[in-house]
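Chain by chain, the residues:
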Protein chains: 2
Amino acid sequence: MPKTDDFLYQQLADKIELLIEKGVYAAGDKLPSVRELHQEHNISISTALQVYTQLEKRGWIAARERSGYYVQYTQRQRPQLPAITTPRAAITTVKVNEQMQRIHDGRQYKGFISLDAAAPANELFPLNKLHKALLHAVRSHKAAFVHYNDLNGYEPLRKHIARRTLSWKGAVNSSDIIITNGCMEAISLCLRAVAKAGDTIAIESPTFFGLLMTIESLGMKALEIPTDPVSGISLEKLEDAFRKKRVNACLFISNYNNPLGSCMPAAGKKALAQLLHKYQVPLIEDDTFGELHHGPERPATVKTFDKDGLVLHCSSFSKWLAPGYRLGWVIPGRYYTQVQQLKFMTTFSTGLLPQLAVHSYLEHQRPDLHLKQLRGALALQTQQMARAIQQYYPDDTQLSNPEGSFNLWVVCNKRTDTWELHRQAAAHNIGIMPGTLFTSQQKYKNCMRLSAALPWNEDLTRAVQTTGKLIRKML
Amino acid sequence: MPKTDDFLYQQLADKIELLIEKGVYAAGDKLPSVRELHQEHNISISTALQVYTQLEKRGWIAARERSGYYVQYTQRQRPQLPAITTPRAAITTVKVNEQMQRIHDGRQYKGFISLDAAAPANELFPLNKLHKALLHAVRSHKAAFVHYNDLNGYEPLRKHIARRTLSWKGAVNSSDIIITNGCMEAISLCLRAVAKAGDTIAIESPTFFGLLMTIESLGMKALEIPTDPVSGISLEKLEDAFRKKRVNACLFISNYNNPLGSCMPAAGKKALAQLLHKYQVPLIEDDTFGELHHGPERPATVKTFDKDGLVLHCSSFSKWLAPGYRLGWVIPGRYYTQVQQLKFMTTFSTGLLPQLAVHSYLEHQRPDLHLKQLRGALALQTQQMARAIQQYYPDDTQLSNPEGSFNLWVVCNKRTDTWELHRQAAAHNIGIMPGTLFTSQQKYKNCMRLSAALPWNEDLTRAVQTTGKLIRKML
């Protein structure tokens, strides 16, 4: 839910929502009529209608013909937050790749409903404006992008990226940045720059399988750090590992960890930066989701507090502008030369064409307006999915409550097997992501990641309902 | 020089060229007049004029006002071919990256003349048609390329690539191909798929520094195989290494090796494929230059003769269509799954936009006509550069005589130091590529790579002249 809102009707909708949540209006209760709302709150009839339309969309109320609006939501406690995770303090070999091959990819099936989409739906991206920007770039540069180009990436685009780091107080120049083929390449290059096969990488537990697979592919090992679904990794446990010299580098998604949703508070990030400094351990920071805060404020990054270049900051345009453009970047700090050379030795330069298009978009369109709308949509969708889970899943389900992005971490009853759920859901043409994909240990078998990346609709509601039934049947 | 030619005037030009080379016409001799040519050879006046224009372009003759055409070329022996190389039969640690940092990159200086351009000049690419294709792709797909797409690459493009493999008798399906971010990524992924840090890769000696740097970055070692500037690596020495179990994988540029220009005959490739089979050693085949044959026939590849999927065939559009698009591909044979997974773990999918543009180009334009023109241009340029070297470099210079692509391998007098030449040439705003970049051993200090990738002009002639003077001064 967005924490502030410019629109009158949304403010009022928020208030009524609160009243329903608190039970002031219970399921089945009739709400004030549109006319009453209009008179009591001194708003126009159309605004009053918008309030109820909004609450209907959010799933709280339903209109009954010629009778008015009623609370339809069956009041239940919001699921409990999962506790801080408790991975073993053991260095482990990562083996996620093999599991990944078992994932049912239903994209090719008509009517497949993904409860785990990897990026916002196309309709949430500024397609027309990006298209305009692309055409502008193509027309004005014509042949420039046909030939080899700047190995570090298109300088004017790097300048824009540098400027945008101001939102997290990063004092970065365009010459500090290297453009990559998506954030995955950035992370892969950083890992190779700071560690070698056999080295140990400290990671959040759970963490994104893409990171685990990259670690696996490089023959590195993992040390999973206990992670709280709100505040992120345990600094105490991390320092403990540092003290025992067990860690060669860290790889954290500091903002809205995928899948857990945790976002370390600024004070924690500052303390983490100090720890890195004290023990001289590099951190690869994946800030892919940093722009997708539901509230009004862009969270800080660990890089914000990095004084000696130990943080290699990675991000991309994939989650808010154009996943298929495969454009990411890295601010490698003191590892700049190593990363630059590895980039040269791995994929050479990044294609100029998408860089020109994104640059033209940032320069001539209104990225911040788009981001604002996207954040609002993701906040709403996340809330809608959480509500559906609350409604249809067993009472003992635990659920994260992320303040950004669109990933939800669902912890089911211990007896639930989410790989079995994955199998059964696939037979219903529904996709979910089992929890064991997010760890290098034998953990999270009863957990899964769901993603609220798609605009909410009845198909999604039904898919949540169906998976809820399957879970109950399993018990 | 193209070996056959559709055009009457080029056939006649070739004949006259031969007469000059054989000394029938010597420097200063007057050639038959245009009218005589017209009468004797039963060709039109305009065709006769074209013959002499062509020979002028090739640098053999010059027109004197109101007098006719004269042989201007000072007849000298074509430089000797370099002998087969003789690297030590030692497994070596690769250290090229550091040297690479010393290369003077003059691209930013106005008036800089590169005698070592990495790809054909923009004007040799079909810019307008590619532009048209790009616009067509952008308009007809609009939003499709914004989202994540097929991990293996755009299927219709893979189909085109599969069809094109017919030219080297590759029986390949689109599902055998994975699109990559240029050939460099393909090779990097293949190396990781078939070998690990510490393993030994057999390579040509000399070979492209990009390959050496990729081996270096992955912590692998190199075993350089003696390589003949015409017929490629010594199969005998390779089998010797196989027999001693010293090689984990091979990485060869089988067609027009960069920098040596060697092209293994089909029989050699067949024998190589049999060796790979006998000893079960995989080969990563870099066929980047395969399309750039000067003669009429597309050379075979080792993959042509590969019966059990041991050849991982890599190529790209970088050298004949659009270097800046960063589009390559790999046909990984029996290593398909490993390469696919590594791709996923390294850069995820390849951007769709350039794939759509190239697909539209291949589908709606005439790539084979363009290739024909490009081959002719590169053949001519290579000949022009060779002639300038012949004219301005010391008599004891050895020079490769490649039948494809645009790289020339220049072996100077033993006392020449091409790093010193590089330094001195840079002061004259001229770029060359020192020979030590192309080996993991202490070799090729008196060698360099020059590239005839740019349309020949007076600046290039002067640059060859200048470097020739610098070499003479050094002795």
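Details of the structure are given in the entry above.
Residues numbered from 1 in each chain as written. Chains lettered and ligands numbered in written order. Predicted model: local features only at pLDDT ≥ 70, side-chain atom pairs only at ≥ 80, totals over all residues. Heavy atoms only, no water.

Just to check I follow, could you spell out the packing of helix α7 (residues 182-194) of chain B against helix α11 (residues 336-346) of chain B for this structure?
Think of two packed helices as two axes; the pair is described by the angle between the axes and how far apart they sit. Residue and element names in this part refer to chain B. α11 packs onto α7 with a crossing angle of 120° between their chain directions and a minimal axis gap of 9 Å. Here α7 lies oblique to α11, going by the angle between them. Remark: the crossing between α7 and α11 carries right-handed chirality. Contacts between α7 and α11 involve Glu185, Leu189, Cys190, Arg192 and Ala193 on the former and, on the latter, Gln338, Val339, Leu342, Lys343 and Thr346. (Axes fitted to C-alpha atoms, helices over the stretch in contact; angles between N-to-C directions. Helix = DSSP H or I, 4+ residues; strand = E, 2+ residues; numbered from the N terminus. Parallel < 35°, antiparallel > 145°, perpendicular 65-115°, else oblique. Left-handed = near helix turned anticlockwise from the far one by under 90°. Contact = heavy atoms within 4.5 Å.)

What exactly am I supposed to notice about the interface of chain B and chain A here?
Much of the literature gives interface size as the accessible area that the parts lose upon coming together. Listed per partner, the contact involves 52 residues of chain B and 53 residues of chain A. Buried area between chain B and chain A, summed over both chains or domains, comes out near 4,600 Å², and the portion from carbon and sulfur atoms is 64%. If you sort the residues of chain B by the area they bury against chain A, B:Val146, B:Tyr148 and B:Met345 come out on top, with a joint share of 16%. The tally of links from chain B across to chain A stands at 0 salt bridges. Where chain B packs against chain A, one counts 17 residue pairs in polar contact (both at pLDDT 80 or more). Of all the secondary structure elements, the ones that give two or more residues to the side of chain B that touches chain A are α5 (127-141), α7, α8 (209-217), α11 and α12 (352-364) of chain B. With 8 residues, the top contributor of residues to the side of chain B that touches chain A is α5(B). (Buried area = accessible area lost by both parts, 1.4 Å probe. Salt bridge = Lys/Arg side-chain N within 4 Å of Asp/Glu carboxyl O. Polar contact = N/O pair within 3.5 Å; in protein donor to acceptor, adjacent residues only side chain to side chain.)

Would you mind going over the state of the cysteines with me for this structure?
Here a disulfide denotes one covalent bond, and it connects the sulfur atoms of two cysteines. All names here are of chain B. Counted by the stated rule, this structure contains 0 disulfides over all chains. Left without a disulfide partner, Cys250 is nearest to the cysteine sulfur of Cys190, which lies 13 Å away. On the basis of relative accessibility, which here comes to 0%, the residue Cys250 falls in the buried class. Residue Cys447 stays outside any disulfide, its sulfur separated by 7.3 Å from that of Cys412, the closest cysteine. Classification of Cys447 as buried rests on a relative accessible area of 3%. (Disulfide = S-S within 2.5 Å. Buried < 20%, exposed > 50% of the residue type's maximum accessible area, 1.4 Å probe, protein only.)

Any chance you could explain the packing of helix α6 (residues 155-164) of chain B against α12(B) here in plain terms?
Residues and elements named next belong to chain B. Relative orientation of the contacting elements α6 and α12 amounts to 50°, with a least axis distance of 9 Å. Comparing the axis directions of α6 and α12 gives the class oblique. The crossing of α6 and α12 is left-handed. The segment α6 lies against α12, with Pro156, Leu157 and His160 engaging Gln355, Val358, His359, Leu362 and Glu363.

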